[in-house]
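# Structural features, examined
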Amino acid sequence: LDQKATSRSDVKAVLKSLQKNGYTLVSPTNGTKELTIEQLMHSGLDIYFEQIFTFEEVKTYKPHFFTYEFICNSLNFSIKESTMIACQAWDITDAQRAGLTGCFINRPGMVWYSLERVPDFSFRMLIDFAQIIEGKLLQPATKLKGKSPA
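Please read these numbers as outputs of a predicted model, since none were measured by experiment.

## Quick look at the overall build of the protein
Regarding its fold elements, the protein presents 6 helices and 5 strands. Starting at the N terminus and ending at the C terminus, the protein contains elements arranged as α-β-α-β-α-α-β-α-β-β-α. Buried positions account for 41% of the 150 residues belonging to the protein. Partitioning the contacts of the protein with sequence separation of at least 6, the portion at a separation of at least 24 is 47%. When the accessible surface of the protein is totalled, it reaches about 8600 Å², and 56% of it is carbon and sulfur.

Shown next, in the form of structure tokens:
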């Protein structure tokens, strides 16, 4: 893993919007907590994530179903009310198999697996997904999966 990872230009604005709109943001990772914190701090994204869930505390790696079940139970969310947003197809396909909604960010160089079912959402840029959250593409009363119950 790149310890000096930087974020794409649209990521901070979208995470800020999601947070402002009451969404709980967590980072599930197969990496260590220390490395993930370092990466998030370096990229300036650490302030947006409420919690990091690592294989160390979950006791299993993604894509195992228990990973998503553990995270959702820890947050008092149902799996059906949660969304995985990622630009890696494997993260989305595995989360969808577990019952989460999948949002694939189709960044340049990233490809969807042709033998998998299509993602629930697919956008070229993360900012396009944020427009849904801000009610620009859906009616404001529509509840999108992953919304904090608070």
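## Here's the deal with the nonpolar core
If you look at the biggest cluster of nonpolar residues, it comprises 17 residues, and the most contacted ones within it are Leu-15, Leu-18, Leu-25, Leu-45, Phe-123, Leu-126 and Phe-129. Every element with two or more residues in this core is listed here: helix H1 (11-20), strand S4 (101-105) and helix H6 (126-133). Within the second largest apolar cluster, 12 residues are counted, among which are Cys-72, Met-84, Ala-95 and Leu-100.

## Topic: the pairing of strand S2 (residues 51-54)
Summarising the sheet, strand S1 (residues 26-29) and S2 pair through 4 bridges and their orientation is parallel. Across the sheet, the residue bridging to Ser-27 is Ile-52, located in S2. With respect to chirality, the unit in which S1 leads through helix H2 (residues 33-43) into the neighbouring parallel S2 is right-handed.

## Considering the pattern of salt bridges
Evaluated as defined, the whole model comprises 6 salt bridges. Across the pair Lys-62 and Asp-91 runs a salt bridge, and its minimum N-O distance is 3.0 Å. Of the two residues, Lys-62 sits in the loop between helix H3 (55-58) and helix H4 (65-75) while Asp-91 sits in helix H5 (residues 89-98), which places them 29 residues apart along the sequence. Put simply, Arg-97 and Asp-94 hold a salt bridge, and the shortest N to O gap is 2.7 Å. With a gap of 3 residues between them, Arg-97 and Asp-94 both fall in helix H5, about one helical turn apart. Arg-97 gets classed as exposed once you look at its relative accessible area, which sits at 55%. The structure contains a network of salt bridges with shared partners spanning Asp-94, Arg-97 and Glu-116.

## Some remarks on H4
Residues of H4 that are buried: Thr-67, Tyr-68, Ile-71 and Cys-72. An end-on view of H4 places all buried positions within 120 degrees of arc, on one side of the element. Trailing H4 by a residue or two, Asn-76 shows a phi angle of about 60 degrees, which is positive.

## Brief notes about H5
Burial within H5 is extensive, with 8 of its 10 residues counted as buried. Within the span of H5, buried status applies to Ala-89, Asp-91, Ile-92, Thr-93, Asp-94, Ala-95, Gln-96 and Ala-98. Structurally, H5 contributes buried residues whose contacts are with H4, strand S3 (83-86) and S4. After H5 finishes, the residue Gly-99 shows a positive phi value of roughly 110 degrees.

Cut-offs applied
Residues numbered from 1 in each chain as written. Predicted model: local features only at pLDDT ≥ 70, side-chain atom pairs only at ≥ 80, totals over all residues. Heavy atoms only, no water. Helix = DSSP H or I, 4+ residues; strand = E, 2+ residues; numbered from the N terminus. Buried < 20%, exposed > 50% of the residue type's maximum accessible area, 1.4 Å probe, protein only. Contact = heavy atoms within 4.5 Å. Areas by Shrake-Rupley, 256 points an atom, 1.4 Å probe, with all protein chains shown as cover. Core = buried A, V, L, I, M, F, W, Y, C linked by side-chain atoms within 4.5 Å. Pairing = 2+ DSSP bridges. Right-handed = clockwise from strand over helix to strand, strands pointing away. Salt bridge = Lys/Arg side-chain N within 4 Å of Asp/Glu carboxyl O. Arc of directions from axis to C-beta.

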